[in-house]
Number of protein chains: 2
Amino acid sequence: MLKANKSCIERLYRYRNTLIKLKSIGFVKVFSDNLADGVGVPATQVRKDFSIFGLSGNKRGGYIVDELIEKLNHVLGKNKPVSIIVVGKGNIGSALVHYKGFEKEGIKIVAAFDVDPSKTGHTDDIPVLPTSELKGFVKQHNISVGIIAVPDAAAQQVADVMIESGIKGILNFAPIRLNMPEDIIIHHVNLELELETIIYFVNALNRKVKQEPKQWIEKN
Amino acid sequence: MLKANKSCIERLYRYRNTLIKLKSIGFVKVFSDNLADGVGVPATQVRKDFSIFGLSGNKRGGYIVDELIEKLNHVLGKNKPVSIIVVGKGNIGSALVHYKGFEKEGIKIVAAFDVDPSKTGHTDDIPVLPTSELKGFVKQHNISVGIIAVPDAAAQQVADVMIESGIKGILNFAPIRLNMPEDIIIHHVNLELELETIIYFVNALNRKVKQEPKQWIEKN
DNA sequence: TAGATTGTTAATCGATTAACAATC
DNA sequence: TAGATTGTTAATCGATTAACAATC
């Protein structure tokens, strides 16, 4: 496959989102400049990204919206829905189960898992099963993506079971590093780290304003 | 200030986390190699990061754990707790309010806000106020960081009010681009995008295995 | 001292951006 | 045609990594 990194794939999804909005406004064709404005990148980035995936338009004529969406759907595998699971039915896990944003992207959480028997059951619209049933469920339903939303101390163990079960991609909310085989795709959402870095830069900004009030004000 | 990007700051926090763990095991001094192993980066990266912030050790002697933690605390502003707010008391907002991971990092959510009167009140341990009171609250308590956890359609408006109120840093969970003055620090957590990219790479991996079964197996 | 580790300068690498020829 | 836009090659930029002198 080609040299497409995470950022590049994210941009493709954003181009697609922009295209869908533009289509809903009535656009029939777009130029790389339009997509660039919509996503906030240079037009040359758009064309570069497209060229990596052989997404071509018409010299001088831009791109046909419908065709481009269709091609992006194909590249991004958006034509068929994907079933995923969540392990951990605490604060984060519960929020994800009820989160409305996934379904419209064709992502369906089909089951949650928790070790706490008081949390398991079928009261929600999706079942909450004991974690001991994780492996069987994943194999039976051929799940390949799962979310880890358990306490730090349990995360590695859960990850191990997931991988044993055949899961290939993991979104991990536990703020620790997990040991994984190289061929497993893992992304981390580290909420405290996100906040901490924001706080750092806000503080840095404050220090800067205080230290160099003159230049700072001129520059802004 | 120096050329420290988000990744670099994140690594500093990770070094600090590793140091705290090593200290709890009884380490008194560490080498850049130890920190590198703990965080999963090359040792040269560790020393480079430190040099940017003037964090020095002893040639041949490594770094004194306590001193290094203290210096990192100073650089990262971890010596005083930070109060933040959350706007939107839906799934995500509620999960964040109850999330246990912030407090140990000195981050305290002091209030949540929602437009829905049925969600406001003081039943939780932190107050949920009407969004109309956001500006007053932020000014009164001098809050500089806030989280956006409202539906997409409301996110830009909430961001505008936050900035008017004096907030300088925002963590945004709404999967849309927000227009901001340049001096506002904004980070995005886009959950659907995280899952979508994982799904993409998992699919890409599957295709690869199917297309080049021989080389693939050899390589792994 | 000899060996090990730091701190920094230089090289590499990958991604972004600019330039521009192709062409509709 | 002339002008505008694509697609690609080359240049730039920033971050990571390697090399190595300094030194404890």
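How each quantity is defined
Residues numbered from 1 in each chain as written. Chains lettered and ligands numbered in written order. Predicted model: local features only at pLDDT ≥ 70, side-chain atom pairs only at ≥ 80, totals over all residues. Heavy atoms only, no water. Pairing = 2+ DSSP bridges. Helix = DSSP H or I, 4+ residues; strand = E, 2+ residues; numbered from the N terminus. Axes fitted to C-alpha atoms, helices over the stretch in contact; angles between N-to-C directions. Contact = heavy atoms within 4.5 Å. Expected span 1.5 Å × (residues − 1). Buried < 20%, exposed > 50% of the residue type's maximum accessible area, 1.4 Å probe, protein only. Arc of directions from axis to C-beta. Near = heavy atom within 4 Å. Polar contact = N/O pair within 3.5 Å; in protein donor to acceptor, adjacent residues only side chain to side chain. Nonpolar A, V, L, I, M, F, W, Y, C, P; charged D, E, K, R; others polar. Right-handed = clockwise from strand over helix to strand, strands pointing away. Buried area = accessible area lost by both parts, 1.4 Å probe. Salt bridge = Lys/Arg side-chain N within 4 Å of Asp/Glu carboxyl O. UniProt positions renumbered as here; feature names shortened; annotations may be inferred. 1 Å grid on protein atoms, 1.4 Å probe; cavity = no way out; pocket = protein on both sides within 12 Å on 5 of 7 lines; lining within 4 Å.

Looking up chain A in an unreviewed UniProt entry gives the name Redox-sensing transcriptional repressor Rex, with the organism given as Candidatus Danuiimicrobium aquiferis.

Regarding the sheet that holds strand E3 (residues 82-87) of chain B
Residues and elements named next belong to chain B. Taken in spatial order, the six strands make up an open sheet running E5-E4-E3-E6-E7-E8, and their pairing is parallel. The open sheet has two edge strands, strand E5 (128-130) and strand E8 (185-188), and neither has a second partner. Here the strands of the sheet are splayed against their neighbours by 25 degrees on average, with no regard to which way each runs. Sheet topology places E3 next to strand E4 (residues 107-114); six bridges connect them, and they run parallel. When the bridges of E4 are listed, Val86 appears paired with Ala112. Those strands touched by helix H7 (residues 152-165) are E3, strand E6 (145-148) and strand E7 (169-172), and its axis lies near 170 degrees from that of E6.

Things to note about helix H4 (residues 65-76) of chain B
Residues and elements named next belong to chain B. The end-to-end C-alpha distance of H4, which contains twelve residues, comes to 16 Å, matching closely the 16 Å that a straight helix rising 1.5 Å per residue would cover. Looking at H4, one finds that the buried residues are Val65, Leu68, Ile69, Leu72, Asn73, Val75 and Leu76. Angularly, the buried residues of H4 cover 165 degrees about the axis, an arc narrow enough to put them on a single face. Directly beyond the C-terminal end of H4, a positive phi value near 65 degrees is found at Gly77.

Focus: the environment of Ser83 of chain A
Residues and elements named next belong to chain A. Take Ser83: it is sitting in strand E3 (residues 82-87). For Ser83, a relative accessible area of 35% translates into the label partly exposed. Separated by 117 residues in the primary sequence, Ser83 and Tyr200 have C-alpha atoms spaced 38 Å apart. Excluding its chain neighbours within four sequence positions, the residues that come into contact with Ser83 are Lys108, Val110, Ile143 and Val145.

Details of the protein's contact with DNA strand C
Taken together, 19 residues sit near DNA strand C, with Arg60 of chain A together with Ser32, Arg47, Gly57 and Arg60 of chain B positioned nearest. Between DNA strand C and Arg11 of chain A there is a distance of 3.1 Å, counted from a phosphate oxygen to a side-chain nitrogen or oxygen. Between DNA strand C and Tyr63 of chain B there is a distance of 2.8 Å, counted from a phosphate oxygen to a side-chain nitrogen or oxygen. Within the residue set of the surface near DNA strand C, elements represented by two or more residues are helix H3 (43-52) of chain A together with helix H3 (43-52) of chain B. The biggest single contributor to the surface near DNA strand C is H3 of chain B, with three residues. The class makeup of the residues in the surface near DNA strand C is three nonpolar, nine polar and seven charged.

Regarding the pairing of E4 of chain B
Working note: regular strand, side chains alternate between the two faces of the sheet. All names here are of chain B. Where burial is concerned, most of E4 is hidden: six out of the eight residues are buried. Taking the sense of rotation as the criterion, the β-α-β connection linking E3, helix H5 (residues 91-98) and E4 turns out right-handed. Bridging between E4 and E5 involves three bridges; their strand directions are parallel. Bridging from a neighbouring strand, Phe113 pairs with Leu129 of E5.

So, the interface of chain B and chain A
Counting residues at the interface gives 59 residues for chain B, matched by 59 residues for chain A. For the pair chain B and chain A, the two sides together bury roughly 5,700 Å², of which 68% comes from carbon and sulfur. Remark: the boundary between chain B and chain A carries six salt bridges. Here chain B and chain A share 19 residue pairs in polar contact (both at pLDDT 80 or more) between them. Considering each element in turn, the side of chain B that touches chain A owes the most residues, 15 residues, to helix H8 (residues 191-211) of chain B.

Focus on the UniProt feature "binding site: NAD(+)" (unreviewed entry) in chain A
All names here are of chain A. Here, UniProt's "binding site: NAD(+)" (unreviewed entry) annotation points to Gly88, Lys89, Gly90, Asn91, Ile92 and Gly93. Those annotated residues from the list above that line the second largest cavity are Ile92. Mapped onto the fold, Asn91 is located in helix H5 (residues 91-98). Using a relative accessible area of 30% as the deciding quantity, one classes Asn91 as partly exposed. Looking at where Gly93 falls in the secondary structure, it is placed in helix H5. Leaving out residues up to four positions away in the same chain, Gly93 has contacts with Val86, Gly88 and Ala149.

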